[in-house]
Amino acid sequence: QVQVMESGGGLVQAGGSLRLSCAASGSIFSINGMGWYRQAPGKQRELVATITSGRSTNYSDSAKGRFTISRDNGKNTVYLQMNSLKPEDTGVYYCKVNRGSMGYWGHGTQVTVSS
């Protein structure tokens, strides 16, 4: 089993920045992809950004140019630096950690962007 814990959410004004962190623990050998997803009220969960163990990245169109995903393999931690935040970025941000064919989710951290 892999435990996943997010942190760093909060309330920020539009145009501001937040940095989310996600730490994986437990059976963390052979962790490969890690990523961030978000779920806005009344909407489905959607991809924000992913990063492979080799640090190849993928971003949603809305995240490109504003968000940066990075990881520290030694700490089994993935980060999401979010700049120029908009009210539409509001939602619960979830971290997902992949190990083999299994995906493990955290409980999420709330991000609220006020206009």
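Residues numbered from 1 in each chain as written. Predicted model: local features only at pLDDT ≥ 70, side-chain atom pairs only at ≥ 80, totals over all residues. Heavy atoms only, no water.

A. Highlighting the sheet that holds strand β3 (residues 18-26). Pairing within the open sheet is antiparallel, and its four strands lie in the order β1-β3-β8-β7. The open sheet is flanked by β1 (2-7) and β7 (67-72), the only strands paired with a single partner. Geometrically, the sheet is characterised by an average inter-axis angle of 15° between neighbouring strands, direction not taken into account. Of the strand pairs in this sheet, β7 and strand β8 (residues 77-82) are connected by six bridges, and their pairing is antiparallel. Paired with Phe 67 across the two strands is Met 82, which belongs to β8. (Pairing = 2+ DSSP bridges. Helix = DSSP H or I, 4+ residues; strand = E, 2+ residues; numbered from the N terminus. Axes fitted to C-alpha atoms, helices over the stretch in contact; angles between N-to-C directions.)

B. How the structure looks around the environment of Leu 11. Inspection of the secondary structure assignment puts Leu 11 in strand β2 (residues 10-13). We classify Leu 11 as exposed; its relative accessible area is 65%. When sequence neighbours within four positions are dropped, the list of residues in contact with Leu 11 reads Thr 112 and Ser 114. (Buried < 20%, exposed > 50% of the residue type's maximum accessible area, 1.4 Å probe, protein only. Contact = heavy atoms within 4.5 Å.)

C. Expanded view of the nonpolar core. Formed by 27 residues in total, the largest nonpolar core has its most connected members in Trp 36, Leu 80, Met 82 and Tyr 93. If you list the elements that add at least two residues to this core, you get β1, β3, β4 (31-39), β5 (46-51), β7, β8, β9 (91-99) and β11 (109-114). By residue number, the principal contributor to this core is β3, which donates four residues. Sequence-distant contacts of Tyr 93, defined by excluding residues within four places in its chain, comprise Glu 6, Leu 20, Trp 36, Tyr 37, Arg 38, Val 48, Phe 67, Leu 80, Met 82, Gly 108, Thr 109 and Val 111. (Core = buried A, V, L, I, M, F, W, Y, C linked by side-chain atoms within 4.5 Å.)

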